[in-house]
Amino acid sequence: MTFRFHALAMELESAVDCVHSPSATSDFKLDMTRILVKVINQCWDKEKIFIWELSGRFLKANALFISRYLKEIQREVSSNTHVTIKQLISSYADVKLSESLLRQFIVDKINSLVLSHITTSRVSFLAIGNSSESDSNEDEKFLSQFCWNETKETLESKLVEVVVSASLPSISSVTEVPRLFRRTNREVPCKPSEYVNGILQPIQTLYQSVRGGNQEELWKSIGPKIGQELLTRYKAQMDQVLTSVQRMEESLKRLKKVKGKNENDNNDTKTSMHLSDDDKIRRQIQLDFELLTEEIRTLTFI
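Residues numbered from 1 in each chain as written. Predicted model: local features only at pLDDT ≥ 70, side-chain atom pairs only at ≥ 80, totals over all residues. Heavy atoms only, no water.

### Some points on the packing of helix 7 (residues 148-171) against helix 10 (residues 216-259)
Relative to each other, helix 7 and helix 10 sit at 30 degrees, their axes nearing to 10 Å. On the basis of the axis angle, helix 7 is roughly parallel to helix 10. As for how helix 7 packs across helix 10, the hand of that crossing is right-handed. Taken together, the residues of helix 10 that come into contact with helix 7 (itself represented by E156, L159, V160, V163, V164, S167, L168 and I171) are L218, S221, I222, K225, I226, E229, L230, R233, Y234 and Q237. In terms of residue class, the contact of helix 7 with helix 10 is built from 11 nonpolar, 3 polar and 4 charged. (Axes fitted to C-alpha atoms, helices over the stretch in contact; angles between N-to-C directions. Helix = DSSP H or I, 4+ residues; strand = E, 2+ residues; numbered from the N terminus. Parallel < 35°, antiparallel > 145°, perpendicular 65-115°, else oblique. Left-handed = near helix turned anticlockwise from the far one by under 90°. Contact = heavy atoms within 4.5 Å. Nonpolar A, V, L, I, M, F, W, Y, C, P; charged D, E, K, R; others polar.)

So this is what it looks like as structure tokens:
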């Protein structure tokens, strides 16, 4: 029996060496997931491997296989700095699907063991919790060992991190707005800046990818987090720029006062015909922020 388990373990181990290898079938995104489901099914093959008298050990082997699978995904996500959005979505989809399939599969097996008068101690020794609980809870106690939710949360956090990081260079572009208007005699801005599209592009790409993969639950979890983080990062940069603009404006006013000049003689002052350079800067940032907020709220419902 040990040799049989070892052969299954080696097959799974060869698959986890390449976490993101695409599945050889259309049932899963990752081949590692296909192999996991395959080896667990083989564990319970009565003709080739399964032995009723050693049912507890077979359940323990299942636990080891599933834990190895989930831990490897977590390790890969945490350590791989070049992981892509597509790879993360594929991993999430497979973790969710494998959880659904294997939970039901194992529940059925445990119920079958109980109904076949296999002693509950052989099942419960693997469980977490009070062994005095009713047999009907054996499946949940056993399944509670696996970090399905922890793995999904790890993937969600990484997706948020990747998308926000991709938007940061465009967010910092708001600091260039004053340079575009100060002493350039530009017209009063009437449309948002191009850099706003750069901020939105990563989250829009993720949104389309998630929808294409039928992972609406994933989007409901991470969409608002990404949107809120982008707005928070942008507001921080925007406040710095507006504070700098205000300080510059006050500095110029003090300088003109010292020189005894009338504000109306300066090109940067507001008249009945045009806005000052500082007001143009504020107007441009306002347009940018309004578009960014509107698009993010449309995508994330925050």
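### Brief notes about the packing of aromatic side chains
Applying the stated rule across the entire model yields 3 aromatic pairs. Aromatic side chains Y195 and Y234 sit 6.4 Å apart centroid to centroid with 25 degrees between the ring planes, which places their arrangement in the stacked category. With Y195 in helix 9 (residues 195-212) and Y234 in helix 10, the pair connects residues that are 39 residues apart, well separated along the chain. Overall, Y234 belongs to the buried group, its relative accessible area being 0%. (Phe/Tyr/Trp six-rings, centres within 6.5 Å; stacked < 30°, edge-to-face > 60°. Buried < 20%, exposed > 50% of the residue type's maximum accessible area, 1.4 Å probe, protein only.)

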